[in-house]
Every structure is written in C-alpha cells, then in structure tokens.
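Remarks on the overall topology
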Amino acid sequence: NAGVTQTPKFQVLKTGQSMTLQCAQDMNHEYMSWYRQDPGMGLRLIHYSVGAGITDQGEVPNGYNVSRSTTEDFPLRLLSAAPSQTSVYFCASNQNRGTEAFFGQGTRLTVV
Amino acid sequence: AQSVTQPDIHITVSEGASLELRCNYSYGATPYLFWYVQSPGQGLQLLLKYFSGDTLVQGIKGFEAEFKRSQSSFNLRKPSVHWSDAAEYFCAVGGSGNTGKLIFGQGTTLQVKP
C-alpha cells in the first residue's frame, strides 16, 4: 500500500517556466488537497477536491491550477513559475472531514 | 474565521524532561483537531486526533493531548522526551464543511538537549 505518492521530490525551475507536480493516492479517498509549506507559516492550502471532477480554491490559489479527472490523481500545475513559488509542496488525501489526512513526502521546488 | 495558533515557534527541552506544546484554535462549531509531526525532510505523520468524547486523547510515541473547549486549546504533552522526538510539530483543525481540508498552525520546532 503506497499511500500518497508525489513526484518529483526535487525540482528547479526558471522564472516563467511551467510544470506539473504529480500526486496519486491508492486509498480510494474522496478528498485530496495541495498545501505549500514555508518557514514560519505552517502549511497553507492551495487547492482542494472533494471528488473526481470537483475542485475549489484554498487560501493561496494564485498561480496554480488543479484538475481531478480520477479519484486517484490530483496534479498541481504551475502556469508561469515565480520566485515566490519557491516552497515545499505537500499533497494529502483523506476519507472525509472527520478522518486524518495522509501526506505525501513532499516536493521541494526552487524557482530561480 | 477559522485559525490555529501555536504560540511557541521554538522550544528546547532536555532529554527525559516533560514537554507541553501549546495550540489554540478559533472555530465556530465542535472542532476536529489533529497533531502532526514532521521530521527533517519528511512528510507529516499523525500523532493523534480529537473528534468527540473523552477530552484526553492518546497518540503514538507516548504523546497525549487534552481538548479544553473553555480555553479553545488542544495542547500536546509527553511525560519524558527522547532525543528522537526532535522535530517540527503542527496543530491543525478540520475546516468547515465536508471538504477534508485542514487549517494548520505555524508549527513548533522542538530541540532536545542531551
């Protein structure tokens, strides 16, 4: 049972480049979320999904897009990378509001 | 607005000493509360959770937390800290609506002195 898998683990982008962070879960969870972690700020919600075909914005959505075509996958797209998007990104999934969230190992992104 | 505050950014304790990490939340309804731990370069691991019932909850690695509605607090405790407990600790509350999203505190970094 792999849980939540994120790829890549590390990435360096140039300003203006685009890329997709991949997230897959094999627990058949309905809920999936993307967070970014910055020093002293905890984890902040970027986008979330309550099921296939349904997504919504979180606290810091600007510059990011998501889609949820299947229950398993929830990719995060950076449209035009900016240095302010340098961060560690975590994907999480959970069964519903009342259950724990399972986290991937994170993607460390640097935008130069 | 829902929020979580962890007042202590950094705490240092001696190995074998007791530990208490503070967490205060702002939430209109009965909260779902969580403590997660993050070791350097790793993802987040759930220590314990509170949904309802007994206000003292036990978790993994010898941790416990007490929910106090009157104080809007959910402090994490451990009677005797081990060097391996050095990590960053996050308190979180389940967001409103049936969305599965979490609202996190800023985190507390625990350093353990030998």
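Structure: see above.
A brief report on the enclosed structure follows. (Residues numbered from 1 in each chain as written. Chains lettered and ligands numbered in written order. Predicted model: local features only at pLDDT ≥ 70, side-chain atom pairs only at ≥ 80, totals over all residues. Heavy atoms only, no water.)

**A closer look at the state of the cysteines**
Going through the model one piece at a time under the given rule, you end up with two disulfides over all chains. Paired through a disulfide, Cys23 of chain A and Cys91 of chain A show a sulfur-sulfur distance of 1.8 Å. Taking the sign of the S-S torsion, -70° for the link of Cys23 of chain A and Cys91 of chain A, the bridge is left-handed. Of the two residues, Cys23 of chain A sits in strand β3 (residues 19-25) while Cys91 of chain A sits in strand β9 (residues 87-94), which places them 68 residues apart along the sequence. For the pair Cys23 of chain A and Cys91 of chain A, a shared accessibility class is recorded, and that class is buried. With a sulfur-sulfur separation of 2.0 Å, Cys23 of chain B is cross-linked through a disulfide to Cys91 of chain B. (Disulfide = S-S within 2.5 Å. Helix = DSSP H or I, 4+ residues; strand = E, 2+ residues; numbered from the N terminus. Buried < 20%, exposed > 50% of the residue type's maximum accessible area, 1.4 Å probe, protein only.)

**Thoughts on the sheet that holds strand β7 (residues 64-66) of chain A**
All names here are of chain A. Spatial strand order, β1-β3-β8-β7: four strands in an open sheet with antiparallel pairing. Among the strands making up the open sheet, the edge pair consists of β1 (4-7) and β7. Averaged over all neighbouring strand pairs, the angle between strand axes comes to 20°, with direction disregarded. The sheet contact formed by β7 and strand β8 (residues 76-78) spans three bridges and is antiparallel. In the strand pairing of β8, Asn65 is matched with Arg77. (Pairing = 2+ DSSP bridges. Axes fitted to C-alpha atoms, helices over the stretch in contact; angles between N-to-C directions.)

**Considerations on the nonpolar core**
Trp35, Leu48, Phe74, Leu76 and Tyr89 of chain B are the most contacted members of the largest nonpolar core, which has 27 residues in total. Of all the secondary-structure elements, those providing two or more residues to this core are β2 (10-14), β3 (19-21), β5 (33-38), β6 (44-50), β8 (64-68), β9 (73-78), β10 (87-94) and β12 (108-113) of chain B. When residues in this core are grouped by element, the largest group, four residues, is from β10 of chain B. When neighbours within four sequence positions are excluded, Phe74 of chain B is seen to be in contact with Cys23, Leu33, Phe34, Trp35, Leu48, Lys49, Tyr50, Val57, Ala65, Glu66, Phe67 and Cys91 of chain B. Trp34, Tyr64, Ala81 and Val111 of chain A belong to the second largest nonpolar core, which has 19 residues in total. (Core = buried A, V, L, I, M, F, W, Y, C linked by side-chain atoms within 4.5 Å. Contact = heavy atoms within 4.5 Å.)

**Let's talk about the interface of chain B and chain A**
Taken together, the 26 residues of chain B in the interface contact 22 residues of chain A. Buried surface at the junction of chain B and chain A, both sides included, amounts to about 1,900 Å², of which 52% is carbon and sulfur. For the pair chain B and chain A, the interface holds zero salt bridges. The tally of links between chain B and chain A comes to four residue pairs in polar contact (both at pLDDT 80 or more). For the side of chain B that touches chain A, the secondary structure elements donating two or more residues are β5, β6, β10 and β11 (102-104) of chain B. Residue composition of the side of chain B that touches chain A, by class: 10 nonpolar, 13 polar and three charged. (Buried area = accessible area lost by both parts, 1.4 Å probe. Salt bridge = Lys/Arg side-chain N within 4 Å of Asp/Glu carboxyl O. Polar contact = N/O pair within 3.5 Å; in protein donor to acceptor, adjacent residues only side chain to side chain. Nonpolar A, V, L, I, M, F, W, Y, C, P; charged D, E, K, R; others polar.)

**With respect to the side chain of Thr71 of chain A**
Mapped onto the elements, Thr71 of chain A comes out in the loop between β7 and β8. Setting aside anything within four residues of it in sequence, one finds Thr71 of chain A in contact with Gln25, Asn28, His29, Met32 and Ala52 of chain A.

**Some details on unusual backbone geometry**
Residue and element names in this part refer to chain A. Omega for the bond connecting Thr7 with Pro8 falls within 30 degrees of zero, at -5°, which places this linkage in the cis form. Within the secondary structure, Pro8 sits in the loop between β1 and β2 (10-13). Phi angles above zero are rare outside glycine, and Asn28 is one such case at about 60°. Checked against the element boundaries, Asn28 lands in the loop between β3 and β4 (31-37). Residue Asn28 is classed as exposed on the basis of its relative accessible area of 52%.

Functional significance is not addressed by these values, which are geometric in nature.
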